[in-house]
Amino acid sequence: MSVLCPCPRWKSASVSIPTAARRYSSVAAPPKRRVWVRLAAVTLAAAGIGAYVRSRQEPLDAHLNPVSFARYKLISREPVSSTNTIFTVEPASPADNRETYELAWQTGVWSVMFKQPQLQIGRDYTPLPPREERDGAQTESLRFLIRRDPHGEVSRYLHRLQEGSRIEMRGPQVECEISPEVNGILFIAGGTGIAPALQAAYIMLRRTIQGKSPKIHILWANRKREDCAGGISDTPKTAPPKSSWWPFRSSPARVPEPSSSLTSSVNQGAIVRELHELKARYPGQITVDYFVDEENTFISTKEIKACIESIQSSSADKKMIIVSGPEGFINYMAGPKIWAHGYELQGPVKGIIQQLGLKEWEIWKL
Ligand SMILES: Cc1cc2nc3c(=O)[nH]c(=O)nc-3n(C[C@H](O)[C@H](O)[C@H](O)COP(=O)(O)OP(=O)(O)OC[C@H]3O[C@@H](n4cnc5c(N)ncnc54)[C@H](O)[C@@H]3O)c2cc1C
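Residues numbered from 1 in each chain as written. Predicted model: local features only at pLDDT ≥ 70, side-chain atom pairs only at ≥ 80, totals over all residues. Heavy atoms only, no water.

Examining the overall build of the chain
Of the regular secondary structure elements, the chain holds eight helices and 14 strands. The buried share of the chain, reckoned over its 366 residues, is 45%. Residue pairs at least 24 apart in sequence account for 75% of intrachain contacts in the chain once pairs closer than 6 positions are excluded. Only carbon and sulfur atoms are counted for the fraction: they give 55% of the accessible area of the chain, which is about 19000 Å². (Helix = DSSP H or I, 4+ residues; strand = E, 2+ residues; numbered from the N terminus. Buried < 20%, exposed > 50% of the residue type's maximum accessible area, 1.4 Å probe, protein only. Contact = heavy atoms within 4.5 Å. Areas by Shrake-Rupley, 256 points an atom, 1.4 Å probe, with all protein chains shown as cover.)

Some thoughts on the pairing of strand S11 (residues 318–324)
Burial within S11 is extensive, with six of its seven residues counted as buried. The pairing of strand S8 (residues 182–190) with S11 spans seven bridges and is classified as parallel. Among the inter-strand pairings, Ile185 is bridged to a residue of S11, identified as Met320. Strand direction decides the pairing type here: S11 and strand S14 (residues 361–365), joined by five bridges, are parallel. Considered in S14, the bridge of Ile321 is made with Ile363. (Pairing = 2+ DSSP bridges.)

Quick look at the sheet that holds strand S10 (residues 286–292)
Ordered by their spatial adjacency, five strands build an open sheet running S10-S9-S8-S11-S14, and the pairing between neighbours is parallel. Single-partner strands in this sheet number two, and they are S10 and S14. Averaged over all pairs of adjacent strands, the angle between their axes in this sheet comes to 10°, without regard to strand direction. Most of the contacts of helix H7 (residues 327–334) go to S11, to which it runs at about 140°, and overall it touches S8, strand S9 (215–222), S11 and S14. (Axes fitted to C-alpha atoms, helices over the stretch in contact; angles between N-to-C directions.)

Thoughts on the environment of Lys279
Relative to the assigned elements, Lys279 resides in helix H5 (residues 270–281). Owing to a relative accessible area of 17%, Lys279 belongs among the buried residues under this scheme. For Lys279, the contacting residues outside a window of four places in its chain are Ile232, Asp234, Ile286 and Val288.

Brief notes about the site of the ligand
By nearness alone, 16 residues border the ligand, and Arg123, Asp124, Tyr125, Leu145 and Ser155 come closest of all. Between the ligand and Asp124 there is a distance of 2.6 Å, counted from an oxygen atom to a backbone nitrogen or oxygen. Measuring from an oxygen atom of the ligand, one finds a side-chain N or O atom of Asp149 at 2.9 Å. Its free accessible area being 980 Å², the ligand has 58% of it covered by the protein chains. When residues of the shell around the ligand are traced back to their parent elements, those giving at least two are strand S4 (121–125), strand S6 (142–147) and helix H3 (153–160). For the shell around the ligand, the class distribution of residues is four nonpolar, five polar and seven charged. (Near = heavy atom within 4 Å. Polar contact = N/O pair within 3.5 Å; in protein donor to acceptor, adjacent residues only side chain to side chain. Nonpolar A, V, L, I, M, F, W, Y, C, P; charged D, E, K, R; others polar.)

Side note on the sheet that holds strand S5 (residues 127–128)
Pairing in this open sheet of seven strands is antiparallel, and the strands run S4-S3-S7-S1-S2-S6-S5 from one edge to the other. Each edge of the open sheet carries a strand with a single partner, namely S4 and S5. Judged from the six bridges that link them, strand S2 (residues 84–91) and S6 form a sheet pairing that is antiparallel. Its bridge partner being in S6, Phe87 is matched across the sheet by Phe144. Each of strand S1 (70–79), S2, strand S3 (108–116), S4, S6 and strand S7 (166–177) touches H3; the most contacted strand, S4, lies at about 80° to it.

Brief notes about the packing of aromatic side chains
Tallied over the full model, the rule gives six aromatic pairs. For the pair Tyr101 and Trp110, a centre-to-centre distance of 6.2 Å together with 25° between the ring planes defines the contact as stacked. The exposure class assigned to Tyr101 is buried, which follows from its relative accessible area of 1%. Judged by centre distance (5.3 Å) and plane angle (80°), the ring pair of Trp105 and Trp110 falls under edge-to-face. The same class applies to Trp105 as to Trp110, namely buried. Taken together through their ring pairs, the aromatic side chains of Tyr101, Trp105, Trp110 and Tyr202 make up a single cluster. The ring of Phe69 carries Lys115 above its face, with NZ or CZ at 4.9 Å from the centroid. (Phe/Tyr/Trp six-rings, centres within 6.5 Å; stacked < 30°, edge-to-face > 60°. Lys NZ or Arg CZ within 6 Å of the ring centre and 35° of its normal.)

So, the nonpolar core
Ranked by internal contacts, the top residues of the largest apolar core, which has 61 residues, are Leu158, Ile185, Phe187, Ile194, Ile216, Ile218 and Trp220. In this structure, Trp220 is in contact with Ala189, Gly190, Gly191, Ile194, Asp227, Cys228, Ile271, Val272, Leu275, Asp289, Tyr290 and Phe291, ignoring residues within four places of it in sequence. (Core = buried A, V, L, I, M, F, W, Y, C linked by side-chain atoms within 4.5 Å.)

Quick notes on the UniProt feature "binding site: FAD" (unreviewed entry) in the chain
UniProt records the feature "binding site: FAD" (unreviewed entry) at Arg123, Tyr125, Leu145, Val154 and Ser155, using the numbering of this structure. The greatest C-alpha distance among the residues just named is 13.6 Å, despite their covering 33 residues of sequence, which places them together in space. Within the fold, Arg123 resides in strand S4. Note on placement: Tyr125 falls in strand S4. With near-sequence residues (within four places) excluded, Tyr125 lies in contact with Ser111, Val112, Phe114, Phe144, Ile146, Val154, Ser155 and Leu158. (UniProt positions renumbered as here; feature names shortened; annotations may be inferred.)

Rendered as structure tokens:
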């Protein structure tokens, strides 16, 4: 079983790849006539040892652990929008990683680091909850929602990979613990920040806490409708708020959210479909509100307050607000994270969440 690593996260950048230790030995030069015999013997021995080591290591190579990179392979890619894709990977050779996944799922929001082998750099990505689990069985595969940054090194590398390609990853890395007492979460997600929101919902909703029904409200902001196609908010929107977290936005005319009569599951994006499935599975325990920059709808204190009141009225024992998304989004909502001595720390709560003056809420920036 792998050891989870709940330590503060290092900024993901260059990756040190362990190289095989080499041992040199000096030997006396053999007589010429026997050189070929020795060479043949050494070659055969090396080949035998190599085959033995490979046969022993092959299963371990795909064993997910936080220290060394495990070998996975890409088994499918499902486009979600022009920039976002769901990648499904599985161990490249037999490995039972299910217990490792399960331990992470029981602990909190987690990620793994993917390696870009040419540049020797790594980036963190958040597994989506397993879909097969509803049949009662965990799966060896992991799924990721990954946005292709037009100038990003690792996300572009991943989007170039063909099915069957090898991928190296290490983890799990626990980003935010969700303790068993937590039964109310407001999750404010921007873009692919919806992946940890789906994790939080999966983690909390499958826990039964003495007959209490945990609740999660998700506020999900996207720049474009294509990233959340077919998503209908549970809370009807009234007037557009005055400000956006996205500093470079133009001011387009407000486009109304599509009405439910115009959308069907056929028109729903993959992530919207998963959110709908969660709502159907846990009726009354999860709400989702969609905000789209190009439709001029933005998350404001009004929506945050409404969710907070709803969770407070359900007398949740322990309540969390989790904010996840691009740096500018987190800064706007909850203030910036800070760096100290090479570690990324939470930093004080600022932004619009600070203005609410909340007490008794655990606030976490991802
Ligand atoms: C815990 C965690 C979980 C995450 N989960 C996900 C997930 O599930 N899905 C997902 O899509 N992302 C996720 N991310 C983000 C992901 O780790 C990467 O940061 C993202 O994919 C971009 O990486 P990249 O290598 O493609 O881009 P980078 O090469 O890191 O570039 C990022 C941006 O910075 C700009 N840039 C780079 N260098 C410079 C420079 N010198 N000067 C100016 N600008 C520069 C680039 O133009 C680009 O726009 C997660 C991040 C964290 C920390």
